[in-house]
Amino acid sequence: MNKKPSLTVHEALLKLMQYCTYQDRCHKEVEKKLDSLGMYNDAKAHIISKLIEDNFLNEERFAKSFARGKFRIKKWGKIRITRELKLRQISTYNLNTALKEISEDDYLKTLNELVDYKYKQLGQKLTQSNKQKIYQYLAYRGFESHLIYETMNKLSK
């Protein structure tokens, strides 16, 4: 049961414009915000369509900035970024477009940097246990298994 809205549709629209201006949002986040404001379904649909029409809400732009940010700042791999975007119900088209924002050179460079970082952190000994720790560290960050193994094999040479 929805609670009675405390804002008019216009007031909620203005509030959501500010919310979307602060940072790119996906539809799911906007719907959650409207729910927290207690807006009815008709009002939510009107506000969301108005936000899209005025380009405050753009899922492709959101997906691209999300992928770029998580890769550059948090050093996430493509698997983790994909999983997080799917949780936000981003379409396959927008998801693939977002992943194209990450250049292959930057991706491999970041993977190599993370392997070197973890290798040094573990005392620069390439035991089976340390290989496993490096693999788990990179897999958690969302890098592909075959790339992790290729990079670790270069390390052992």
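Residues numbered from 1 in each chain as written. Predicted model: local features only at pLDDT ≥ 70, side-chain atom pairs only at ≥ 80, totals over all residues. Heavy atoms only, no water.

Enquirer: Requested: an account of the pattern of salt bridges, with residues and values cited.
Expert: Summed over all chains, the structure comprises eight salt bridges. Between glutamate 60 and lysine 64 there is a salt bridge, and its shortest N-O distance comes to 3.6 Å. A residue pair is termed a helical-turn pair when its members lie 3 or 4 positions apart in one helix, as glutamate 60 and lysine 64 do in helix H4 (residues 59-72) at four residues. Given a relative accessible area of 24%, lysine 64 falls into the partly exposed group. Here glutamate 101 and arginine 68 are joined by a salt bridge, their closest N and O atoms 2.6 Å apart. Taken together, the positions of glutamate 101 in the loop between helix H6 (92-99) and helix H7 (104-121) and arginine 68 in helix H4 put the pair 33 residues apart, joining distant regions of the chain. Taking relative accessible area as the criterion, glutamate 101 reaches 29% and is therefore assigned partly exposed. (Salt bridge = Lys/Arg side-chain N within 4 Å of Asp/Glu carboxyl O. Helix = DSSP H or I, 4+ residues; strand = E, 2+ residues; numbered from the N terminus. Buried < 20%, exposed > 50% of the residue type's maximum accessible area, 1.4 Å probe, protein only.)

Enquirer: Please provide a residue-by-residue account of helix H9 (residues 145-155), values included.
Expert: Taken residue by residue, H9 has Leu147, Ile148, Thr151, Met152 and Leu155 as its buried positions. Viewed along the axis of H9, the buried residues span an arc of 130 degrees, placing them on a single side of the element. At its buried positions, H9 is contacted by H7 and helix H8 (128-141). (Arc of directions from axis to C-beta. Contact = heavy atoms within 4.5 Å.)

Enquirer: Outline helix H1 (residues 9-22), supporting the account with residue identities and numerical values.
Expert: Between its first and last C-alpha, H1 extends 20 Å over 14 residues, near the 20 Å set by a 1.5 Å rise per residue. Residues of H1 that are buried sit in contact with helix H2 (27-36) and helix H3 (41-53). (Expected span 1.5 Å × (residues − 1).)

Enquirer: Please set out the confidence of the model for the chain residue by residue, giving values where relevant.
Expert: Atom-level detail of predicted coordinates should not be read off regions where pLDDT is low. Averaged over every residue, the pLDDT of the chain is 91; the share at 70 or more is 96%. Looking over the chain, one finds the lowest element-wise mean pLDDT in H9, namely 89, and the highest in helix H5 (residues 78-87), namely 97. (pLDDT = per-residue confidence, 0-100.)

Enquirer: Tell me about the nonpolar core, residues and numbers included.
Expert: In terms of nonpolar packing, the biggest core is built from 27 residues, with Ile81, Leu85, Ile134, Leu138 and Phe143 touching the most fellow members. Secondary-structure elements contributing two or more residues to this core are H4, H5, H6, H7, H8 and H9. When residues no more than four places from it in sequence are discounted, the contact partners of leucine 85 are Phe62, Ala63, Phe66, Ile90, Leu95 and Ala98. One finds Ala12, Leu16, Leu37 and Leu57 within the second-largest nonpolar core, a separate group that totals 15 residues. (Core = buried A, V, L, I, M, F, W, Y, C linked by side-chain atoms within 4.5 Å.)

Enquirer: Quick one: what's the story with the environment of glycine 142, residue by residue and with numbers?
Expert: Tracing the chain through its elements places glycine 142 in the loop between H8 and H9. Along the backbone, glycine 142 and glycine 77 are 65 residues apart, and their C-alpha atoms lie at a distance of 4.2 Å. Look past the residues within four positions of glycine 142 in its chain and what remains in contact with it is Gly77, Lys78, Ile79, Arg80 and Tyr107.

Enquirer: Tell me about the packing of aromatic side chains, and please be specific about residues and values.
Expert: A full pass over the atoms with the stated rule returns six aromatic pairs. Centre to centre, the rings of phenylalanine 66 and tryptophan 76 are 6.5 Å apart; their planes meet at 65 degrees, and the pair counts as edge-to-face. One end of the pair, phenylalanine 66, is in helix H4; the other, tryptophan 76, is in the loop between H4 and H5, and 10 residues separate them in sequence. The pair phenylalanine 66 / tryptophan 76 is uniform in exposure class, with both members buried. Seen in terms of ring centroids, tyrosine 117 and tyrosine 137 are 6.3 Å apart; in terms of plane orientation they differ by 40 degrees. Their pairing is tilted. Placement of the pair is tyrosine 117 in helix H7 and tyrosine 137 in helix H8, with a sequence separation of 20 residues. Using a relative accessible area of 45% as the deciding quantity, one classes tyrosine 117 as partly exposed. Through successive ring pairs, a cluster of aromatic residues spans Phe62, Phe66 and Trp76. Just above the ring of tyrosine 137 sits the side chain of lysine 118; from NZ or CZ to the centre is 4.8 Å. (Phe/Tyr/Trp six-rings, centres within 6.5 Å; stacked < 30°, edge-to-face > 60°. Lys NZ or Arg CZ within 6 Å of the ring centre and 35° of its normal.)

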